[in-house]
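In case you want the letters, here they are:
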Amino acid sequence: MSFRKCTSAEADIGMLYYISDNEGTGGRLKAQPEDFVVDEISSHPEPADDGRFTIAKVTARNWETNHMIRLLSRQMGISRERIGFAGTKDKRAVTSQLMSFEGPPSILEKVDLQDLTITEPYKARRRIQIGDLIGNRFTIRATNVARPMAEVRDVCEDVIASVKATGGFPNYFGVQRFGVMRPITHKVGEYIVRGDIRGAVRCYVCEPANEASQDVAAAEARKRLSETDDWASLYDTVPDSMSFEKNLIAYLRDHPEDWTGAIASMPTNLQMMFVHAYQSYLFNLMLSERIARGIPLNRPIVGDVIIPLDADGIPQHESPVIATARNIDLVERQIRLKRAFVSIPLFGSESKFSDGEMGEIERMILEREKIDLDDFVVPGLSHCSSEGSWRELLCPVKDLGYNLEEESYQVSFSLPKGNYATCLMREFMKSEMTDY
């Protein structure tokens, strides 16, 4: 199968190829939040009348997850650490997901937030944690398409045929992992991994946004902050839209030069996201190199690490199998039956290299980046440290279909958890990164 080279800014985050060899429809996503609908396929905690947690479905329109949790905790009068959720959702979207709240169901009555509803509450003995979901269902509309609808139909049919023939699409980490308007999350993570925590903080606070960003006040504030170390004097000039940056500046105002403490003061999931984004960048590079070498994504070669799936289709990363000359036929059959996938590492301190040619690629990427596995142990920032894991090369898709409209089209599908809808939509659209 031929792969099309990516020439957009996505190449800067390691997304160098498309599986479908067509020009794409063009267009953009999320012109309105209703254009991007996400319904979590949840893993429900068992109900219990004596449970200390309230489980409920939260439906939100145009809410950033961390901001939403901060306001929920404020209105409920509980710490944000007592609010649990399975996965971070897209902001400019209409999303529904299960969340847990430590306290009785009556605690939900305190919430009054625009474009947010909480329904179906019940009590349970366990909270919801990151990863406690099976997947997500998506209904996504692409607007402002650049081609006549007859050509859009041809593109949609071609993409669906390519995905079906391959058994999925390249499982890149999508632009949301890095930031669409400010694709710097992985850069912050790289500073952290290299031990330059001051550089990480300054990158997070000062790095400018994409030119398409309309937040002029934020752009001006970042420029001022980049030109001085005296951030405390500029605190009052930082707009509220830079809420996490303001919190960092406030911490440093009270604790000068405590860069590690500044990162540690951030929400736990944000701390984790920085290094995870750098791991994601390395993964994208390795996946692209495998494609460039013509090594298949849906068939193993000797030395590959194979990850089996459980009955729910969830990868069992703790049970990897190495493809050898003796078992290659068996593991290939399991992959063909969609019971397993070829994977490569998300590098961390405990990661193991693959054998064979894939191992050569992995070592080459780390050597080029001048990174050692021990660098993923970050002193003083346990939430930024990572032992590593595995990630599948292909993302399987269920219920993939499309619907043409007058000047737009909808694509609907389901994905397992941890995978990016935009990485499938980019196959249809092949637009600029800021259009996702």
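See the structure shown above.
Note that this is a predicted model, so its numbers are computed, not measured.

### Let's talk about the overall build of the protein chain
Working step 1: On a plain count of helices and strands, the protein chain comes out with 11 helices and 17 strands.
Working step 2: Over its C-alpha trace the protein chain gives a radius of gyration of 22 Å, about what one expects of a compact globule, namely 22 Å for 436 residues.
Working step 3: For the C-alpha atoms alone, the extent of the protein chain along its principal axes is close to 60 × 50 × 50 Å.
Working step 4: Burial statistics for the protein chain: of 436 residues in total, 53% are counted as buried.
Working step 5: For the protein chain, restricting intrachain contacts to residue pairs at least 6 apart in sequence, the fraction spanning at least 24 positions comes to 74%.
Working step 6: Surface exposure of the protein chain reaches about 19,600 Å², of which carbon and sulfur atoms provide 47%.
Working step 7: Across the protein chain, the mean location of the 52 positive side-chain charges is 2 Å away from that of the 65 negative side-chain charges.

### A few points about the pairing of strand 9 (residues 133-143)
Working step 1: Within strand 9, eight of the 11 residues are buried, which leaves the element mostly enclosed by the surrounding structure.
Working step 2: Here strand 3 (residues 28-29) runs beside strand 9; their pairing, made up of two bridges, is antiparallel. In the strand pairing of strand 9, Leu29 is matched with Ala142.

### Some points on the side chain of Arg70
Working step 1: Here Arg70 lies in helix 1 (residues 65-76).
Working step 2: Of the side chains with opposite charge, Glu64 lies nearest to the buried Arg70, which makes no salt bridge, at 6.7 Å.
Working step 3: Within the structure, the side chain of Arg70 is placed 3.3 Å from the side chain of Ser243, a separation counted as a polar contact.
Working step 4: With residues up to four places along the chain from it excluded, the contact list for Arg70 reads Arg80, Ser243, Phe244 and Asn247.

### Brief notes about the packing of aromatic side chains
Working step 1: This structure, assessed with the given rule, holds eight aromatic pairs.
Working step 2: Look at Tyr278 and Tyr281: their rings are 6.4 Å apart centre to centre, the planes differ by 25°, and that puts the pair in the stacked class. Residue Tyr278 and its partner Tyr281 are both found in helix 8 (residues 268-292); the two are separated by three residues, about one turn of the helix.
Working step 3: When its relative accessible area of 0% is taken as the criterion, Tyr278 is described as buried.
Working step 4: Members of the aromatic cluster, joined through ring pairs, are Phe36, Phe138 and Phe413.
Working step 5: When the ring centre of Phe36 is taken as origin, the NZ or CZ atom of Lys30, which lies over that ring, is 4.5 Å away.

### Re the pattern of salt bridges
Working step 1: Applying the stated criterion across every chain, the model contains 27 salt bridges.
Working step 2: With its nearest N and O atoms 3.7 Å apart, the salt bridge here joins Asp254 to Arg253.
Working step 3: Asp254 gets classed as exposed once you look at its relative accessible area, which sits at 54%.
Working step 4: Given a relative accessible area of 40%, Arg253 falls into the partly exposed group.

### Quick look at the environment of Tyr251
Working step 1: If you trace the backbone, Tyr251 turns up in helix 6 (residues 243-254).
Working step 2: Note: C-alpha distance between Tyr251 and Ile13 (238 residues apart in sequence) is 31 Å.
Working step 3: Non-local contacts of Tyr251, meaning those with residues more than four positions away in its chain, are made with Asp258, Gly261, Ala262 and Ser265.
Working step 4: A distance of 2.6 Å separates polar atoms of two side chains, one belonging to Tyr251 and the other to Asp258.

### With respect to the state of the cysteines
Working step 1: Applying the stated criterion across every chain, the model contains zero disulfides.
Working step 2: This cysteine, Cys423, is not joined by any disulfide, and Cys395 carries the nearest cysteine sulfur, 8.4 Å off.

### So, helix 3 (residues 185-193)
Working step 1: Of all the residues in helix 3, the buried ones are Thr185, His186, Val188, Gly189, Ile192 and Val193. Along helix 3, the residues classed as buried sweep out an arc of 155° about the axis, all on the same side.
Working step 2: At its buried positions, helix 3 is contacted by helix 4 (197-206) and helix 8.
Working step 3: After helix 3 finishes, the residue Gly195 shows a positive phi value of roughly 85°.

### Quick look at the sheet that holds strand 11 (residues 305-308)
Working step 1: Strand order in the open sheet formed by four strands is 12-11-13-14, with antiparallel pairing between adjacent strands. Only two strands of the sheet have a single neighbouring strand rather than two, namely strand 12 (321-322) and strand 14 (389-392).
Working step 2: Bridge count for strand 13 (residues 340-346) against strand 14 is four bridges, and the pairing is antiparallel. Bridged to Ser343 within strand 14 is Glu392.
Working step 3: The strands touched by helix 9 (residues 328-336) are strand 11, strand 12 and strand 13; relative to strand 13, the strand with the most contacts, the crossing angle is about 100°.

### Quick notes on a negative patch on the surface
Working step 1: Side chains of Glu350, Asp372, Asp374 and Glu387 sit close together on the surface and give a patch of like negative charge.
Working step 2: Its place among the elements puts Asp374 in the loop between helix 10 (356-369) and strand 14.

### A closer look at the packing of helix 8 against helix 10
Working step 1: One way to put it is that helix 8 packs onto helix 10 with a least axis distance of 10 Å and a crossing angle of 130°. Compared by their axis directions, helix 8 and helix 10 come out oblique. At the point where helix 8 passes helix 10, the crossing takes the right-handed sense. Residues Tyr278, Tyr281, Leu282, Leu285, Met286, Glu289 and Arg290 of helix 8 lie in contact with helix 10, whose contacting residues are Met358, Ile361, Glu362, Met364, Ile365, Leu366, Arg368 and Glu369.
Working step 2: Its residues placed into classes, the contact of helix 8 with helix 10 shows 10 nonpolar, no polar and five charged.

### With respect to unusual backbone geometry
Working step 1: Unusually for a residue other than glycine, Lys338 sits at a positive phi of about 60°.
Working step 2: The backbone phi angle of Lys370 is positive, close to 60°, even though this residue is not glycine.
Working step 3: If you trace the backbone, Lys370 turns up in the loop between helix 10 and strand 14.

### Quick word on the pairing of strand 4 (residues 36-42)
In the case of a regular strand, side chains alternate between the two sheet surfaces.
Working step 1: By the alternation rule, side chains of strand 4 split into Phe36, Val38, Glu40 and Ser42, which are all buried, and Val37, Asp39 and Ile41, of which none is buried.
Working step 2: Where strand 4 and strand 9 come together, seven bridges link them in antiparallel fashion. Bridge assignment links Asp39 to a residue of strand 9, and that residue is Arg137.

Calculation rules
Throughout, a residue's number is its position along its own chain's written sequence, starting from 1. This being a predicted model, a pLDDT of at least 70 is required before a residue's local features are given, and a value of 80 or more before pairs of side-chain atoms are given or counted; all residues contribute to the totals for chains, interfaces and linings. Just so you know, side-chain values use all the structure's heavy atoms and leave hydrogens and water out. Working definition: helices are DSSP H or I runs of at least four residues, strands are E runs of at least two. Numbering for both runs from the N terminus. Radius of gyration here uses only the C-alpha atoms, and the compact-globule reference equals 2.2 Å multiplied by the residue count raised to the power 0.38. For every residue, the accessible area obtained with a 1.4 Å probe (protein chains only) is divided by the maximum for its type, and the residue is called buried under 20%, exposed over 50%, and partly exposed between those limits. The contact criterion used throughout is that any non-hydrogen atoms of two residues lie within 4.5 Å. Here, Shrake-Rupley sampling with a 1.4 Å probe gives the accessible areas, and only protein chains in the shown set may cover a residue. Counted charges follow a simple rule, with Lys and Arg positive, Asp and Glu negative, and His plus the chain ends left uncounted. Think of each charge as sitting on NZ of Lys, CZ of Arg, CG of Asp or CD of Glu. Here, a strand pair is defined by DSSP locating no fewer than two bridges between the strands. One side-chain nitrogen of Lys or Arg within 4 Å of one carboxyl oxygen of Asp or Glu is enough to make a salt bridge. Pairs of N or O atoms within 3.5 Å make up the polar contacts considered here, provided that, within protein, one atom can donate a hydrogen while the other can accept it, and that residues adjacent in sequence are counted only when both atoms are side-chain atoms. The aromatic pairing rule takes the rings of Phe, Tyr and Trp, using the six-membered ring of Trp, and pairs them if the centres are within 6.5 Å, calling planes under 30 degrees apart stacked, those over 60 edge-to-face and the rest tilted. Only when the NZ atom of a Lys or the CZ atom of an Arg is both within 6 Å of the ring centre and within 35 degrees of the ring normal do we say a charge sits over the ring. Cysteine sulfur atoms are paired as a disulfide whenever they fall within 2.5 Å. Read the arc as the range of directions from the helix axis to the C-beta atoms. Axes here mean lines fitted to C-alpha atoms, for a helix over just the part in contact, with angles spanning 0 to 180 degrees between N-to-C directions. Here the term patch refers to residues with relative accessible area over 30% and no salt bridge, with like charges joined within 9 Å and nonpolar side chains (Val, Leu, Ile, Met, Phe, Trp, Tyr) within 5 Å. Note that the term roughly parallel is reserved for angles under 35 degrees, roughly antiparallel for angles over 145, roughly perpendicular for angles of 65 to 115, and oblique for everything else. Crossing handedness: left-handed means the near helix sits turned counterclockwise from the far one by under a right angle, and right-handed means the same turn made clockwise. Three categories are distinguished: nonpolar for Ala, Val, Leu, Ile, Met, Phe, Trp, Tyr, Cys and Pro, charged for Asp, Glu, Lys and Arg, and polar for the others, with Gly belonging to the last.

Bear in mind that shape data such as this cannot, by itself, settle questions of function.
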